[in-house]
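A closer look at the structure
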There are 2 protein chains.
Amino acid sequence: MPTYQAPIEDTLFVLNDLLRFERYSNLPGFADASPDMVEAILGEAGRITEKVLQPLNQQGDREGCRRADDGSVTTPAGFKQAYETWREGGWGSLAFDPAYGGQGLPHTLATAVGEYMSAANMAFAMYPGLTAGAIAAISSHGSDEQKSTYLPNMIEGSWTGTMNLTEPHCGTDLGLLRTKAVPQDDGSYAITGQKIFISAGEHDLAENIIHLVLARIEGAPEGVKGISLFIVPKFVLDAQGKPGARNGVVCGSLEEKMGIHGNATCVMNYDEATGYLIGEAHKGLRAMFTMMNEARLGVGVQGLAVSDVAYQNAVTYARERTQGRSLSGVKAPDKSADPIIVHPDIRRMLMTIRAINEAGRALVLWTALKGDLSHRSADAAERQAADDWMGLMTPVIKGVLTDKGFDNAVMAQQVYGGHGYIGEWGMEQFVRDARIAQIYEGANGIQALDLVGRKLGLNGGRAIQAFFAEVGQFCEENRGDERMAPITKALKKGLNDLQQATMWLMQNAMAKPDNAGAASTDYMHLFGLVALGYMWGRMAKIAEEKIAAGANGKTAFLEKKRITARFFMERLMPESAAHLARISSGADAMMALEADAF
Amino acid sequence: MPTYQAPIEDTLFVLNDLLRFERYSNLPGFADASPDMVEAILGEAGRITEKVLQPLNQQGDREGCRRADDGSVTTPAGFKQAYETWREGGWGSLAFDPAYGGQGLPHTLATAVGEYMSAANMAFAMYPGLTAGAIAAISSHGSDEQKSTYLPNMIEGSWTGTMNLTEPHCGTDLGLLRTKAVPQDDGSYAITGQKIFISAGEHDLAENIIHLVLARIEGAPEGVKGISLFIVPKFVLDAQGKPGARNGVVCGSLEEKMGIHGNATCVMNYDEATGYLIGEAHKGLRAMFTMMNEARLGVGVQGLAVSDVAYQNAVTYARERTQGRSLSGVKAPDKSADPIIVHPDIRRMLMTIRAINEAGRALVLWTALKGDLSHRSADAAERQAADDWMGLMTPVIKGVLTDKGFDNAVMAQQVYGGHGYIGEWGMEQFVRDARIAQIYEGANGIQALDLVGRKLGLNGGRAIQAFFAEVGQFCEENRGDERMAPITKALKKGLNDLQQATMWLMQNAMAKPDNAGAASTDYMHLFGLVALGYMWGRMAKIAEEKIAAGANGKTAFLEKKRITARFFMERLMPESAAHLARISSGADAMMALEADAF
């Protein structure tokens, strides 16, 4: 049975040493996030995720959710009690607005906690995860009345939230959606239609469920310009603001799916359900994107999280399982065979996962901090730069960390040999769970198109130029440092490949847009390599400086950073050239066949 | 619900145009495999796999196998009848020795049929697949009496076979195995021990099950040099050679696993079961390797097969699902959106799968033909060259086609977006089924070690040198051909990278064996790229020649080969440089961490 240990030491390294969190103590909420407080919160988060959530993960997968004939849904045994423990601990309110009962702490901190939660129990963590997205949308686009009506209970956790976008005939292409909203005399709307793949759509954890639903107001323009966003509570609130009459929305069925069985993936049927317009009519997509961006970062974190828990278990197995002898001579003469961690090919898998996870964690928290800055900084230039980084990095984190997260879960499973294929060891669940993160909240191909088709060109390429300048400058500053030179040389090579790819796109995608589409996934992964490589550059630099300064008892930890950085540059960064070669080959061979020739 | 169409046209292209099968009509059995006969057999194989096996695949996954308290196992509904249909059709006997009831046709042909079977229903195909391995072992190492006792019923299909290697504490490292064999007065042995992960270990399809079991004769040397191979029938044969008394071997439990639910993966308990030594005492591993090599090619074929059926369904979905508009302008103005096959990133996935599958099919059949030549050719030099190729290519086909097969199934699933994650669409089953092929019959890391540690150096590197010479000569011969030049240039670059990697290994692995282990998986995949690229070179050449000669009504088919070859060279071959860079980085960073530092 798998275990989990929250990577607190590594999170603290990122927050304290890489991000130097203390610098921001003048920002709202950051003063409360002193190093001691951060360590205490992470310690508590470690305990609840390790002791309460993780032990329910495997059984939750086996048992799944059950729907009764009346449309009610029961979560797996233990989920309800765990949710209560989680809610009472105030974990859902960490970073939200104190005006509505939140603790106002940095989102960066909530993001770190979110990683632990998804690692311990991804299916469970989705219930509060979806709620957080709904809170973000109401916070950004709701009226004051809507905020005071819904946010306190959602932040407190006694109500949860959902996102209702997909319909049977439309997922990516929301312009096709058909769910309709008919204005009522009291200013509300009657919502009718069917939504599918609704995570946490119905369950027994909360007193109310606040559905955020995309629909088309009668007579609205066709396409994406006629879509509005509505709040549709499961129970319409009574005059006291308490859950009252059951609304016309029910879970019609649960999807039988590959993984995340502990989360209820619902077909939701809306039959003249009472809904309230949020934000402006026909501008629902913008409001939905607030949720989506939040959610996309969260999904990237899921990729990282499952990769990390899979890694931890693979390491344990590789230390305990004995099989064969080391190529460089017997390592465990007292045993009939050596532990398989002595074998280079096992190391290759473990080191690959490790190198991606630690840089992924750094990139996620680095980006979460940009999110905090974009909302909380007093300096307009800093807010803009932070926004630029967020916009650029959101599709990269979602697409790359979930693709790599899945690959890593598969590699961790491979370490187990045949046992990895057997349910009781838990590794195949990680693979099945990790798989969805590549698909939902915009399949990764859509993330790549968002990056190449939207984010690159925004504001004349301001964000990407700033990124190039920042990474380039880091390489330049450290090329003279003998210990850093192998790192910066490889990073610089990756950056050059990325810049060449960007140039190629500028020269070739305008006249022939298919060239952008054909390049997009490779470009996203090339970007991810450089972004992760930049994190390794930064982390290696810190390790070198601290080791030179005496390391303060942390030598072993820092030495691991140094070695893993080198591994990343030697083993992962060389992929950049293959991406560039593919990108520059263009769309011709890809698009040459007629559709019926496949 | 997924569908399947056997790729008969493509198989015929490989057999007739690439392999020029008719050249071999002087070999035993090949005369019966005239073009007409081959086409007829493949047509029939297409019918049975499409109409009988494929319709049982999804239900077989859902239902799985069931074990009763007495240890008997029931296969999913329909399997028994399908097995009867298959057996009565003589499909199990295609390529086996006519002296024991086989049809004596080329193994190459049986391999093509095996692909269709695994594509249609991988879990089902494993029952006869394991039998074929057991037949091969008995044919090669059994006494005449053993052959005449067991082979006729196994070839006819009324008895099936298994391979019993793995024990709870040993899989890869068979030297550790503990199952013991005690000599009995009648010359038989009493076999006692536990075997795990035994595919097709117990079921209701056959009248008898012939287990081939590795065990250690009492007093045998420790390690792999004390292992012997035994025949242990489920029912001991009576004086008439009919299944008689129940032997002391039972299925103790079925494994709950990630996929291939329709195949019974058994824990087998041997309690003084009667076994018969096959081949020499203490030389069981050699006999087992006969089965393993057979099985490893078969597993490579599974990777190809699942990849192909997943591809076919993804193509259908991509043609039918409409979402968004083409970047190069509306393609389906009569619809609210274009079919997603117009999007380059969807094409990228489909073309990648296609490029690997068609070259994979060519490589599998090319290698199967070498197998036939190694057994049937009258020319000793030809037999030796064929053997060399087989030895070299077996780990490559197993490791590369199953890694790529899994990746391809994942990509095909990705084409479906959210629907790919839902069971009813069948794509997630392909992913779960394909996963095992990377693990069993020697995890792919073991294949890579077999290639690098054993096969490369055999006979002074004779096999690899012959491969280099053959591919190099092909490039040389065609570099002047304007149409072929882009193909041969890319292939030559890949070959150069492979040769450099080989040179690096020669220079760096002797003094430091970890360098070989650290390079092995990348080396295997680099080898696979060049081998698949060579197949594309050959196929492109045929396409060019035939198109130039008028194409005989096949222009569309040949044009697809031409385009897909180009896609392979532009999009897949560039990976060779990344493999070389990783290989040449050596083992240092990989091995630097202490085991407890992970």
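Residues numbered from 1 in each chain as written. Chains lettered and ligands numbered in written order. Predicted model: local features only at pLDDT ≥ 70, side-chain atom pairs only at ≥ 80, totals over all residues. Heavy atoms only, no water.

With that settled, the discussion passes to the overall build of chain A. In terms of helices and strands, chain A carries 18 helices and 11 strands. Taken over the C-alpha trace, chain A has a radius of gyration of 24 Å; the compact-globule value for 598 residues is 25 Å, and the two agree within 12%. Viewed in the frame of its principal axes, chain A has a C-alpha envelope of about 80 × 60 × 60 Å. In chain A, which comprises 598 residues, the share counted as buried stands at 65%. Expressed as a percentage of contacts within chain A between residues at least 6 apart in sequence, the contacts between residues at least 24 apart total 73%. Between the mean site of the 57 positive side-chain charges and the mean site of the 70 negative ones, chain A shows a separation of 6 Å. (Helix = DSSP H or I, 4+ residues; strand = E, 2+ residues; numbered from the N terminus. Rg over C-alpha atoms; globule rule 2.2 N^0.38 Å. Buried < 20%, exposed > 50% of the residue type's maximum accessible area, 1.4 Å probe, protein only. Contact = heavy atoms within 4.5 Å. Lys, Arg positive; Asp, Glu negative; His and termini not counted. Charge placed at Lys NZ, Arg CZ, Asp CG, Glu CD.)

The next subject is unusual backbone geometry. All names here are of chain A. Even without being a glycine, phenylalanine 197 presents a positive backbone phi close to 60°. Mapped onto the secondary structure, phenylalanine 197 falls in strand β5 (residues 189-199). Phi is positive for glutamate 272, which is not a glycine, with a value near 50°. Of note, glutamate 272 is situated in strand β11 (residues 265-278). We classify glutamate 272 as exposed; its relative accessible area is 59%.

Each copy superposes on the other: chain A lies on chain B with an RMSD of 0.0 Å after a rotation of 180° and an axial shift of 0.0 Å. Such a turn and shift between the copies fits a two-fold axis. The C-alpha atom lying nearest the rotation axis in chain A is that of Ala578(A); the distance is 3.3 Å. When the interface residues of chain A are mapped onto chain B, 100% of them again fall at the interface, so both copies present the same face. (Least-squares fit on C-alpha atoms with pLDDT ≥ 70 in both.)

So, on to the pattern of salt bridges. Evaluated as defined, the whole model comprises 74 salt bridges over all chains. With a shortest N-O distance of 3.7 Å, Arg376(B) and Asp372(B) are connected by a salt bridge. Here the residue Arg376(B) and the residue Asp372(B) both occupy positions in helix α8 (residues 344-376), the gap between them amounting to 4 residues, near one helical turn. Classification of Asp372(B) by relative accessible area gives buried; the value is 0%. What you see here is one network of salt bridges that share partners, running through Asp522(A), Arg571(A), Glu575(A), Arg582(A), Asp522(B), Arg571(B), Glu575(B) and Arg582(B). (Salt bridge = Lys/Arg side-chain N within 4 Å of Asp/Glu carboxyl O.)

The subject of this paragraph is the packing of aromatic side chains. Pairs of aromatic rings are described using the distance from one ring centre to the other and the angle between the two planes. Residues and elements named next belong to chain B. What the rule picks out here adds up to 37 aromatic pairs over all chains. Here phenylalanine 21 and phenylalanine 30 contribute two aromatic rings whose centre-to-centre distance is 5.1 Å and whose plane-to-plane angle is 45°, an arrangement assigned as tilted. Grouping residues by exposure puts phenylalanine 21 and phenylalanine 30 together as buried. Aromatic pair phenylalanine 467 and phenylalanine 468: ring centres 6.4 Å apart, planes at 55°, arrangement tilted. (Phe/Tyr/Trp six-rings, centres within 6.5 Å; stacked < 30°, edge-to-face > 60°.)

With 89 residues of chain A at the interface, the matching set in chain B holds 89 residues. Roughly 7600 Å² of surface becomes buried between chain A and chain B when both sides are summed, with 59% attributable to carbon and sulfur atoms. For chain A, the biggest contributors to the area lost against chain B are Tyr421(A), Arg571(A) and Phe598(A); these three give 12% of the whole. When the shortest N-O distance is used, the salt bridge between Glu575(B) and Arg582(A) registers 2.5 Å. Viewed at the interface, chain B and chain A are joined by 51 residue pairs in polar contact (both at pLDDT 80 or more). In the side of chain A that touches chain B, the residues fall into 40 nonpolar, 23 polar and 26 charged. (Buried area = accessible area lost by both parts, 1.4 Å probe. Polar contact = N/O pair within 3.5 Å; in protein donor to acceptor, adjacent residues only side chain to side chain. Nonpolar A, V, L, I, M, F, W, Y, C, P; charged D, E, K, R; others polar.)

With that out of the way, let us pick up helix α1 (residues 8-18) of chain B. By the burial criterion, the buried members of α1(B) are Asp10(B), Thr11(B), Leu12(B), Phe13(B), Val14(B), Leu15(B) and Leu18(B). The elements touched by buried residues of α1(B) are α2 (35-53), α5 (107-141), α8, α14 (513-548) and α15 (555-572) of chain B.

For the rest of this paragraph, the subject is the side chain of Thr265(A). All names here are of chain A. Within the secondary structure, threonine 265 is located in strand β11. Residue class for threonine 265 comes out buried when judged on its relative accessible area of 8%. Reaching out from threonine 265, the side chain makes a polar contact with the side chain of lysine 257 at a distance of 3.0 Å. If we ignore the near neighbours within four places in the chain, the residues touching threonine 265 are Phe197, Ile198, Ser199, Ser253, Leu254, Glu255 and Lys257.

Our focus in this paragraph is the state of the cysteines. Per the counting criterion, the structure on display carries 0 disulfides over all chains. The thiol of Cys266(A) is unpaired, and the distance to the nearest cysteine sulfur, on Cys251(A), comes to 3.7 Å. (Disulfide = S-S within 2.5 Å.)

If you look at the biggest cluster of nonpolar residues, it comprises 415 residues, and the most contacted ones within it are Phe467(A), Tyr523(A), Phe467(B) and Tyr523(B). Setting aside residues no more than four positions away along its own chain, Tyr523(B) makes contact with Leu451(B), Val452(B), Leu456(B), Ile464(B), Phe468(B), Leu498(B), Ala501(B), Thr502(B), Leu505(B) and Ile583(B). (Core = buried A, V, L, I, M, F, W, Y, C linked by side-chain atoms within 4.5 Å.)

So, on to the packing of α8(B) against helix α9 (residues 380-415) of chain B. Residues and elements named next belong to chain B. α9 packs onto α8 with a crossing angle of 155° between their chain directions and a minimal axis gap of 8 Å. With respect to α9, the element α8 is oriented roughly antiparallel. The element α8 and its partner α9 pack so that their crossing is left-handed. Looking at the contact of α8 with α9, its residues break down into 18 nonpolar, 8 polar and 5 charged. (Axes fitted to C-alpha atoms, helices over the stretch in contact; angles between N-to-C directions. Parallel < 35°, antiparallel > 145°, perpendicular 65-115°, else oblique. Left-handed = near helix turned anticlockwise from the far one by under 90°.)

Attention shifts here to the packing of helix α1 (residues 8-18) of chain A against helix α16 (residues 555-572) of chain A. Residue and element names in this part refer to chain A. Where α1 meets α16, the closest approach of the two axes is 12 Å, and the angle between their N-to-C directions is 75°. On the basis of the axis angle, α1 is roughly perpendicular to α16. From α1, Glu9, Asp10 and Phe13 reach across to α16, where they touch Phe557, Leu558 and Lys561. Its residues placed into classes, the contact of α1 with α16 shows 3 nonpolar, no polar and 3 charged.

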